[in-house]
Amino acid sequence: MNDEKITSVVKDFFQKIHADDLMSKFFKDHDQERIQHHPKTFLEHGLGEGKYSNEQIANAHKDIPINDEHFEAMVGNFISTLDEHGFSEDDKQKVHGILQGYKGNILGK
């Protein structure tokens, strides 16, 4: 996937998160430039190209009070963004499955 498409997906995904009352609270008091890589990282992991270990993912989220509802909202917003960018059903299902595999690490379970 080219950088232009990745940038477009990331931008649209971040707009969804900021507009989502459930999710926006996790991002509003943080340095937006510092966390801009998160959706790109989310995309990379969703496509099976992630570079962070399960332990690193768990440590990055350990102090964030994320629950099942938050996780599913994040994944739902991400899949919706991929849909809007013309990703195939197979790609979206693959991404969904991979991201679900990180759920325990993100939720600290």
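Structure: above.
The model shown is predicted, which means the values in this text are computed figures rather than measured ones.

Basis of the calculations
- Residues numbered from 1 in each chain as written.
- Predicted model: local features only at pLDDT ≥ 70, side-chain atom pairs only at ≥ 80, totals over all residues.
- Heavy atoms only, no water.
- Helix = DSSP H or I, 4+ residues; strand = E, 2+ residues; numbered from the N terminus.
- Expected span 1.5 Å × (residues − 1).
- Buried < 20%, exposed > 50% of the residue type's maximum accessible area, 1.4 Å probe, protein only.
- Arc of directions from axis to C-beta.
- Contact = heavy atoms within 4.5 Å.
- Core = buried A, V, L, I, M, F, W, Y, C linked by side-chain atoms within 4.5 Å.
- Axes fitted to C-alpha atoms, helices over the stretch in contact; angles between N-to-C directions.
- Parallel < 35°, antiparallel > 145°, perpendicular 65-115°, else oblique.
- Left-handed = near helix turned anticlockwise from the far one by under 90°.
- Nonpolar A, V, L, I, M, F, W, Y, C, P; charged D, E, K, R; others polar.

With 13 residues, helix 7 (residues 89–101) ought to run about 18 Å at 1.5 Å a step, and its terminal C-alpha atoms sit 18 Å apart, in line with that. Every buried residue of helix 7 is accounted for by Lys92, Val95 and Leu99. Projected down its long axis, helix 7 carries its buried residues within an arc of 65°, all on one side. Exposed residues on helix 7 whose side chains face more than 90 degrees from its buried face are Glu89, Asp90, Gln93 and Gly101.

Attention now moves to the environment of phenylalanine 26. For phenylalanine 26, the location among the structural elements is in the loop between helix 2 (21–24) and helix 3 (32–35). If near-sequence neighbours (up to four positions away) are discounted, phenylalanine 26 is found in contact with Ile64, Pro65, Ile66 and His70.

Another aspect to go through is the nonpolar core. One finds Leu82 and Val95 to be the most contacted residues of the largest nonpolar core, which totals 23 residues. Only helix 1 (3–19), helix 6 (68–84), helix 7 and helix 8 (103–107) provide two or more residues apiece to this core. Per element, the largest residue contribution to this core is seven residues, and it comes from helix 6.

On to the packing of helix 6 against helix 7, then. The contact between helix 6 and helix 7 brings their axes to 10 Å, and the two run at 160°. One element, helix 6, and the other, helix 7, form an angle in the roughly antiparallel class. Helix 6 and helix 7 meet at a crossing whose hand is right-handed. Of the residues in helix 7, those touching helix 6 at Phe71, Glu72, Val75, Phe78, Ile79, Leu82 and Asp83 are Glu89, Lys92, Val95, His96, Leu99 and Gln100. Looking at side-chain class alone, the contact of helix 6 with helix 7 contains seven nonpolar, two polar and four charged residues.

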